[in-house]
Amino acid sequence: TSGADYISLQDNFVLQNENIVRVLTNDGAAIKSVTLKKYKDNSRTREMEIIKPLTADHLPMSIPSVKVSTNNKIEEIKLSERRFEVINNSKDKAMFTTSLEGGVQLFKNIEFSPDKYHMTMDIVFKNNSDQNVACEYELIAASGIDYEGDQHTDIAAVVGINKGNGKYKLLKTNLKNLPESNESV
């Protein structure tokens, strides 16, 4: 197989540098995970995975479907299981494409900043037909960002107590110090 055949058939591929590992897939042209190499998760045993799928069919930054409108006809095209062609990938960039019905070609470009944790994504619909075409889509947001601390001890409550004469006293307390039932102060 040639290099072009391999790229069009592959499933998962990794873009990484010394700080971050990004796993992308051409199934739905999505991000499967983003892991920070220099940070640990809540258990302090594994590298911190900051972006991960909410469910197997809701991959971060994927487009589950596209509605293509031509000549007063609307067709919904499911993309979540469509295998996109990877037309360009490098250390910090991946470009996907797929042909849609109605002569429309979808391009999705994901580019990561080489020295930061930033990402940009461009979605382009190219009309290759002679007719007017309108496209509508939804984007699944990145989910699964882990909370860095202990969720039960890092949450605090701030209560304002009216002392009279327009003066208030602020009390701060840890969640575990709050009463078990509602109490009036």
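Everything numeric here is computed off the predicted structure, so don't read it as measured data.

J.: Whenever I open this one, unusual backbone geometry confuses me. Can you help?
T.: Across the chain, the bulk of peptide bonds are trans and the bulk of non-glycine residues have phi less than zero. At Ala29, a residue that is not glycine, the phi angle is positive and equals roughly 50°. By relative accessible area, Ala29 is classed as buried at 0%. Here Asn72, not a glycine, exhibits a phi torsion of approximately 60°, which is positive. Using a relative accessible area of 84% as the deciding quantity, one classes Asn72 as exposed.

J.: Mind showing me how you'd approach the nonpolar core here?
T.: Considering soluble globular proteins, one finds that nonpolar side chains tend to be buried as a cluster. Core analysis: the largest hydrophobic core is formed by 26 residues, its most contacted members being Phe13, Leu24, Ile31, Leu79, Phe96 and Leu100. Broken down by element, this core gets its largest block of residues, four residues, from strand β9 (residues 104-112). Sequence-distant contacts of Leu24, that is, excluding residues within four places in its chain, are made with Asp11, Asn12, Phe13, Leu15, Ala30, Ile31, Lys32, Ala94, Phe96, Ile110 and Phe112.

J.: What exactly am I supposed to notice about the packing of aromatic side chains here?
T.: Any pair of aromatic rings gets described here by the distance separating the centres and the angle formed by the planes. Within this structure, the stated rule accounts for two aromatic pairs. Centre to centre, the rings of Phe13 and Phe96 are 6.0 Å apart; their planes meet at 45°, and the pair counts as tilted. Note that Phe13 is positioned in strand β1 (residues 12-16) and Phe96 in strand β8 (residues 93-100), a separation of 83 residues in sequence. A residue is classified by how much of its surface remains accessible, and Phe13, at 7% relative accessible area, is buried. Arranged with centres 5.6 Å apart and planes meeting at 40°, the rings of Phe125 and Tyr137 form a pair that is tilted. Note that Phe125 is positioned in strand β10 (residues 119-127) and Tyr137 in strand β11 (residues 133-137), a separation of twelve residues in sequence. Under the relative-accessibility criterion, Phe125 is labelled partly exposed at 24%.

J.: Please clarify how the pattern of salt bridges should be interpreted in this entry.
T.: Enumeration according to the criterion identifies four salt bridges in this entry. In this structure, the salt-bridge partner of Asp92 is Arg22, at a minimum N-O distance of 3.6 Å. Here Asp92 is found in the loop between β7 (85-90) and β8, whereas its partner Arg22 is found in strand β2 (residues 20-25), with 70 residues between them in sequence. Of the two residues, Asp92 and Arg22, neither departs from the other in class, the shared state being buried.

J.: Is there a simple way to think about the sheet that holds strand β5 (residues 65-70) in this case?
T.: Backbone hydrogen bonds are what pair the strands of a sheet, in a parallel or an antiparallel way. One open sheet accounts for three strands, arranged β6-β5-β11; its pairing is antiparallel. Looking at strand neighbours, the two that pair on one side only are β6 (73-78) and β11, the edges of this open sheet. With direction set aside, neighbouring strand axes in the sheet form an average angle of 20°. Where β5 and β11 come together, five bridges link them in antiparallel fashion. Across the sheet, the residue bridging to Val66 is Tyr137, located in β11.

J.: For this particular structure, what's the right way to read the pairing of β7?
T.: Here is the key point about a regular strand: its side chains alternate between the two faces of the sheet. As paired strands, β7 and β8 are joined by five bridges and run antiparallel to one another. Its bridge partner being in β8, Asn88 is matched across the sheet by Met95. Connecting the antiparallel pair β7 and β8 is a turn made up of two residues.

Parameters and conventions
- Residues numbered from 1 in each chain as written.
- Predicted model: local features only at pLDDT ≥ 70, side-chain atom pairs only at ≥ 80, totals over all residues.
- Heavy atoms only, no water.
- Buried < 20%, exposed > 50% of the residue type's maximum accessible area, 1.4 Å probe, protein only.
- Core = buried A, V, L, I, M, F, W, Y, C linked by side-chain atoms within 4.5 Å.
- Helix = DSSP H or I, 4+ residues; strand = E, 2+ residues; numbered from the N terminus.
- Contact = heavy atoms within 4.5 Å.
- Phe/Tyr/Trp six-rings, centres within 6.5 Å; stacked < 30°, edge-to-face > 60°.
- Salt bridge = Lys/Arg side-chain N within 4 Å of Asp/Glu carboxyl O.
- Pairing = 2+ DSSP bridges.
- Axes fitted to C-alpha atoms, helices over the stretch in contact; angles between N-to-C directions.

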